[in-house]
Amino acid sequence: MNIGVVFPQTEFGHDPAALRDYAQTAEALGYSHILAYDHVLGAHPDQLQGWAPYTHQDPFLEPFTLFSYWAGLTETIEFTSGVIILPQRQTALVAKQAAMVQVLSSGRLRLGVGLGWNAVEYTALGANFGNRGRRIEEQVALMRQLWSEELVDFEGRWHRVPQSGINPRPGQPIPVWFGGHHPNVLWRVAQLGDGWLPNYRVAEDAAEHLAALDSELDKVGRSRADIGIEARLMYKDGEAVWRERIAGWQAAGASHLSINTMGAGLDGPQAHIDAVREFAQKVFG
């Protein structure tokens, strides 16, 4: 199993030296990847209709920019978006940004995409919140074409690209993983995806969705062995829980897992760096 870290977006700050130390420490400790969340904008709680996991007061570093910074400071660690809220962004621009990270990192990007929950963010970015699920499928198809072909002539329901292309293109395919739990997400994973990013913490809680995913994969001649699955652990739960849940996810066939140090009362970048070091020492041995 590949074990990585969740970049503690809302608690880490943006000091360049601390960001460097975090990525280089994670790489030196043997973590396989760094996963970063995405929000372009935060909204005031009054705008979020009573459900506000993040607001305008929570800082988020833009993942493509962050990964480009880290690419020049590291050599082996992979960068994963968990997830880029694709339908609120311009498709060709995301394809270009992802291609640049892939080029600058020598092939270390894994692109997680999803629909998001913040309608206010869609409004501010001039995107349609209501049809985001239908559009993401066309977006993924177009991005893959832009990554692989010098000139693209694309005519879809929401996109038109007349004899155009991005340059440079990535030298190898960029894996696209889908986040979310809706049945349509499982369909997209089976039909279009290289992997699934569930939001469950315990493998047993995901059993129903894993069975549904198996069914969708079977319909297209694929199996769970053909995709990746990434789960997350909470640092605050402690070593006994870590080991129990790692074993559970291994039994469920997960290929990746990330440790999240947010929400543990840690104060400042060094505390998060120390936490990922402690986890590595206890789990990696």
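Calculation rules
- Residues numbered from 1 in each chain as written.
- Predicted model: local features only at pLDDT ≥ 70, side-chain atom pairs only at ≥ 80, totals over all residues.
- Heavy atoms only, no water.
- Buried < 20%, exposed > 50% of the residue type's maximum accessible area, 1.4 Å probe, protein only.
- Helix = DSSP H or I, 4+ residues; strand = E, 2+ residues; numbered from the N terminus.
- Pairing = 2+ DSSP bridges.
- Right-handed = clockwise from strand over helix to strand, strands pointing away.
- Contact = heavy atoms within 4.5 Å.
- Core = buried A, V, L, I, M, F, W, Y, C linked by side-chain atoms within 4.5 Å.

A. Quick look at the pairing of strand β11 (residues 256-260). Most of β11 sits inside the fold, with five of its five residues counted as buried. Going residue by residue along β11, you find H256, S258 and N260 tucked away on one face and L257 and I259 tucked away on the opposite face as well. Inspection of the sheet shows strand β1 (residues 2-6) paired to β11 by five bridges, in the parallel sense. Paired with I3 across the bridge in β11 is L257. One crossover worth recording links strand β10 (residues 228-234) to the parallel β11 by way of helix α9 (residues 239-251), and it is right-handed.

B. Up close: the environment of F79. By the secondary structure assignment, F79 is in strand β3 (residues 78-81). Overall, the relative accessible area of 0% leaves F79 in the buried class. Taking C-alpha positions, F79 is 4.9 Å from L109, a pair spaced 30 residues apart along the chain. Residues in contact with F79, not counting those within four places in the same chain, are I34, F67, W70, A71, T74, S105, R108, L109 and R110.

C. Structural view of the nonpolar core. Counting residues in hydrophobic clusters, the biggest one holds 71 residues, and the most contacted among them are F7, Y22, Y31, W70, L111, W147 and W249. Among the elements that make up this core, the one with the highest residue count is helix α6 (residues 132-148) (six residues). When residues no more than four places from it in sequence are discounted, the contact partners of W249 are M1, P198, Y200, R201, V202, A203, A206, A231, A254 and L257.

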